[in-house]
Each structure stands twice: as structure tokens, then as C-alpha cells.
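Each chain, written out:
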Amino acid sequence: SSSPVKVAVTGAAGQIGYSLLFRIASGAVYGPDTPVQLQLLEITPALKALEGVVMELDDCAFPTLAGVEIGDDAEKIFDGVNLALLVGARPRGPGMERGDLLEANGAIFTAQGKALNKVAADDVRIGVTGNPANTNALIAQRNAPDIPADRFSALTRLDHNRAISQLAARTGSSVTEIAHMTIWGNHSATQYPDLFHATVGGRNAAEVVDDQAWIENDFVPTVAKRGAAIIEARGSSSAASAASATIDAARDWLHGSAADDWVSMAVQSDGSYGIPEGLIYSFPVTTSGGDWSIVQGLDIDEFSRGRMDATAAELIEERDAVQALGLI
Ligand code: NAX
């Protein structure tokens, strides 16, 4: 076996962390033959709880877990990491305005971007799950000028998986029959899950569904508001599914998307599909060997165009807000 890969997880004592760490430690990202060293970052008051989680990791006796280091100093925890999953973020508290939220998270993601820039391994890949994920990824990226910009992505894979699940249910098919799903834009209520390029058993999904009203009034809002529906039912936000999507995204980024399919990832726009350059926007991408590339040449109809531009407009607003705060 090889020497361990170093994987950092921030917010490791949180809800998502409680599911994510065990999946990574058991080989879900790198497979059964690659030992993993976990580097776990938390804020000081959460370190005791994190020690408890580490006790449980020990108790699993995972053959692929080479070691665990915990701490509250990003420069120590990110030292030499090959993969950084930035999950920890500041949730919106009572009475907090959007500007306050961007500012609180800005402080976290500027510091973490700078620390990664200084100490991460040369091959580092950085996936941001903590919300507002796209803009947090933008902040970290802009604060890490020595790391190639395409090493940063934000998570829309949960939305992508939700869209697959909803389409499978509607069409009475299995998730394995669904391909070419796309989430465009922001991981927020303005995201646009696109059925016009998706396929069900090789047939165009919008044609199989054949119901524009269902697409507009049911499918799109159900996917976009699924997080709220889960909070309503469970009393807390999606955690195991978010962890699972974080794993899917990292695994496919590093080891490649399926030959006849693509995945959704929020990555730096190169101007494809008229999306302003530099925005961290979710696109259909194929991945190979740790690199992604945006799927080109899809026909965009007027309905899709409107939705894609609306979610881009929201990301432009967020970018301008963090720029005004001096965070990027
Ligand atoms: P929790 O509040 O359970 O855990 C977050 C953890 O982050 C806490 O333990 C906290 O101490 C830690 N933390 C805060 N600031 C930190 C810092 N500066 N450095 C290191 N750790 C820090 O939240 P959880 O349910 O785990 O969700 C984590 C984030 O994922 C939230 O921002 C949430 O909104 C976001 N989500 C993103 C999703 C996506 O698809 N992109 C879906 C699920 C989830 O809502």
C-alpha cells in the first residue's frame, strides 16, 4: 500500500462531519487500498466534542484510516493536505441579515484560503460545502493566489442527486437509468435543475415527462427547496445526504466521472453559456484525473436561459457584496 493521502475536513464536529468522517475513513473517496490521514479543523469550543468523534473513529478500527489530527489552527491542520473539504461555516442566526452572514463567513473563508495557500500540498483540491457555498468558495479562491483557480469548487452535487431522485420517482425508473442531470448556478433557491438535457433510459427526460407545468411548478421548486422540506420534517438540516454528496463530488473529481455521463459542480466560469467569467457557478462537467471541464455545446432554450441568468444574477450580487466588504 501507498503512503497516506491527507484529507482536511473543517467543521468536523458538526452534523455533516459526523457522517462524512466515517465515510472518508472507510475508503469511500480513495478506495480500499489507499490509507487516509484525517486532518480535522474546528473552532476551539468544539474541540472537546471532536475528541469524542475521534474516539468513535478509533473504535471503528477502519483498515484505511492511517491517523487523525485535530486542532483549531488552520495553518497546522491544512499542512500538506491533498484534499480539503470545507464544511464548517457560520449558520444564519436570529436577526442576522444577509450582509452579516456574508461577513461572518467571509472572515472564515479568507483565513482558510490564506492558510491553504501557505501550507497545502501542491496537488490540493478544495471542495466547499459550507453555505453560502459558491461565494465561500470564491472568497477562499481569491485569498489563495498561488493555488490554481480550478482547484476550488462548491457543492451542488446534493442538488444534482436530489434532482435524479425526483426524476426517477416521477418516471417510475431507477436512479441508475438517469444520466446527464445538470444543476446550473447557485446552491440556493435560485438554482436551476435542468431536465432538457437529462436522459431517462437514454431518452430525453423533458420528453419522457412531457409536462412543462410539472417541470416549472413542481420539479424545479421541489429540488430547490428540498433542504427546507428536510428541516421541516427532521427538525434539522440535511446531514447524511450532504455528506454523501460531498463524498460523491470528491470521488468523481479525483477519479473521474462515468464515461457516458456528467456531474454538476460549481466551478469558476470561463464564460461558457454566457455566464460571467470568474463566478463560481454550477455547470455540467466531466472530470478526469483531478481536472474538470465544462460540457460544451448544449442547446439552451428560452426557459432555461431565463433561469440560468437569474441564478447568475444572484451570484453577481453576492460577489459584489463580498467585494464591497473587501473580502476578495
Ligand atoms: P453544523 O452547525 O452542525 O456544523 C458546522 C460546524 O462548523 C460546527 O461544529 C462549527 O463549530 C464548525 N465551524 C464553524 N466555524 C468554523 C471555523 N471557522 N473553522 C472550523 N469549523 C468551524 O452544520 P452542518 O449541518 O454540519 O452543516 C455545515 C454547513 O453545510 C452549513 O453551512 C450548511 O448550511 C451547509 N450545507 C450545505 C449543503 C450543500 O449542499 N452545499 C447542504 C447541507 C448543508 O446545509
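Position labels on residues start from 1 in each chain and follow its written sequence. Confidence filtering applies because this is a predicted model: local features only for residues at pLDDT of at least 70, side-chain atom pairs given and counted only at 80 or more, and all residues used for totals across whole chains, interfaces and linings. Hydrogens and water are ignored here; the side-chain numbers use all heavy atoms of the structure.

Caption draft 1: The nonpolar core, seen in detail. As used here, the term nonpolar core means buried Ala, Val, Leu, Ile, Met, Phe, Trp, Tyr and Cys residues forming a set that is joined through side-chain atoms within 4.5 Å. A simple rule labels every residue: compare its accessible area, found with a 1.4 Å probe on the protein chains alone, to the largest value its type can have, and call it buried under 20%, exposed over 50%, or partly exposed in between. Residues L167, M181, L195 and F283 are the most contacted members of the largest nonpolar core, which totals 40 residues. Counting from the N terminus, the helices are DSSP H or I runs at least four residues long and the strands are E runs at least two residues long. At the level of elements, α6 (157-171), β8 (182-184), α7 (205-209), α8 (212-224), β12 (263-268), β13 (280-288), β14 (291-294) and α11 (302-324) are the ones that each hand at least two residues to this core. Among the elements that take part in this core, α8 stands out by supplying five residues, more than any other. Core analysis: the second largest hydrophobic core is formed by 35 residues, V5, Y30, A242 and I247 among them.

Caption draft 2: Local environment of the layout of surface pockets. Put simply, the grid is 1 Å and covers the protein atoms alone, a cavity is a trapped set of points that fit a 1.4 Å probe, a pocket is an open set with protein on both sides within 12 Å along at least five of seven lines, and lining residues have an atom within 4 Å of a point. Grid points are joined across faces, edges and corners, and a volume is the space filled by probe spheres set on the points. Each pocket or cavity is described by its volume, and for the largest pocket that value is around 1500 Å³. Around the largest pocket sit 48 residues that line it, and A89, P91, T129, G130 and N131 are the ones nearest its centre. Contributions of two or more residues to the lining of the largest pocket are made by α1 (15-25), α4 (98-119), α6, α9 (226-234) and α11. For the lining of the largest pocket, the element with the highest residue contribution is α4, accounting for six residues. Think of it as three bins: nonpolar holds Ala, Val, Leu, Ile, Met, Phe, Trp, Tyr, Cys and Pro, charged holds Asp, Glu, Lys and Arg, and polar takes everything else, Gly as well. Taken together, the residues that form the lining of the largest pocket break down as 20 nonpolar, 17 polar and eleven charged. Of the volumes computed, that of the second largest pocket is approximately 170 Å³. For the second largest pocket, the lining is made up of 13 residues, of which R157, H160, I164, D261 and V263 are closest to its centre.

Caption draft 3: Quick peek at α11. Helix span, expected: 1.5 Å multiplied by one less than the number of residues in the helix. For α11, which comprises 23 residues, the first-to-last C-alpha distance of 33 Å matches the rise-based estimate of 33 Å (1.5 Å per residue) to within 8%. Every buried residue of α11 is listed here: F303, S304, M308, T311, A312, E314, L315, E318, R319 and V322. By definition in these notes, contact holds between two residues if any of their heavy atoms fall within 4.5 Å. On its buried side, α11 packs onto α4, α5 (133-142), β8, β9 (192-194), α8 and β13. Between a side-chain oxygen at the N-terminus of α11 and the backbone nitrogen of F303 the separation is 3.3 Å; the capping residue is D301. Two residues or fewer after α11 comes G326, characterised by a positive phi angle close to 75°. Contacts described as polar in this section are N or O atom pairs within 3.5 Å, which, within protein, must combine one atom able to donate a hydrogen with one able to accept it, while residues neighboring in sequence count only if both atoms come from side chains.

Caption draft 4: Representation of the environment of P32 in the model. Along the polypeptide, P32 turns up in the loop between α1 and β2 (36-41). P32 gets classed as exposed once you look at its relative accessible area, which sits at 70%.

Caption draft 5: Focus on helix α10 (residues 240-255). For α10, which comprises 16 residues, the first-to-last C-alpha distance of 22 Å matches the rise-based estimate of 22 Å (1.5 Å per residue) to within 8%. Listed as buried for α10 are A242, A243, A245, T246, I247, D248, A249, A250, D252, W253 and L254. One or two steps after α10, the chain reaches G256, where phi turns positive at roughly 100°.

Caption draft 6: Molecular detail of the UniProt feature "domain: Lactate/malate dehydrogenase C-terminal" (unreviewed entry) in the protein. UniProt positions are given in the numbering used here, feature names are shortened, and annotations may be inferred rather than shown by experiment. The feature "domain: Lactate/malate dehydrogenase C-terminal" (unreviewed entry), as given by UniProt, occupies residues 156-322 in the numbering adopted here. Taken end to end, residues 156-322 comprises 47% helix and 19% strand; its first and last C-alpha atoms sit 21 Å apart.

Caption draft 7: Structural view of the pattern of salt bridges. One speaks of a salt bridge when a side-chain nitrogen belonging to Lys or Arg is within 4 Å of a carboxyl oxygen belonging to Asp or Glu. Summed over the entire model, instances satisfying the criterion amount to nine salt bridges. Close ionic contact of E75 with K118 constitutes a salt bridge, the shortest N to O distance being 3.3 Å. Here K118 lies in helix α4 and E75 lies in helix α3 (residues 74-77), a separation of 43 residues in the sequence. Look at K118 and you get exposed, because its relative accessible area is 61%. Each of R157, D248, R251 and D252 takes part in one network of salt bridges that share partners.

Caption draft 8: Region of the structure containing the packing of α5 against α11. In this description, a line fitted to the C-alpha atoms serves as the axis of each element, helices being fitted only across the stretch in contact, and the angle between N-to-C directions of two axes falls anywhere from 0 to 180 degrees. Orientation of α5 relative to α11, taken along the N-to-C sense of each, is 45°, at an axis distance of 10 Å. Regarding the angle of α5 to α11, the classification is oblique. Our pair here, α5 against α11, has a crossing hand that is right-handed. Two secondary-structure elements touch here, α5 through N134, T135, L138 and I139 and α11 through L315, E318, R319 and V322. Among the residues making up the contact of α5 with α11, the classes are represented as four nonpolar, two polar and two charged. Roughly parallel here means an angle under 35 degrees, roughly antiparallel means over 145, roughly perpendicular means 65 to 115, and every remaining angle is called oblique. What makes a crossing left-handed is the near helix being turned counterclockwise from the far one by less than a right angle; a clockwise turn instead makes it right-handed.

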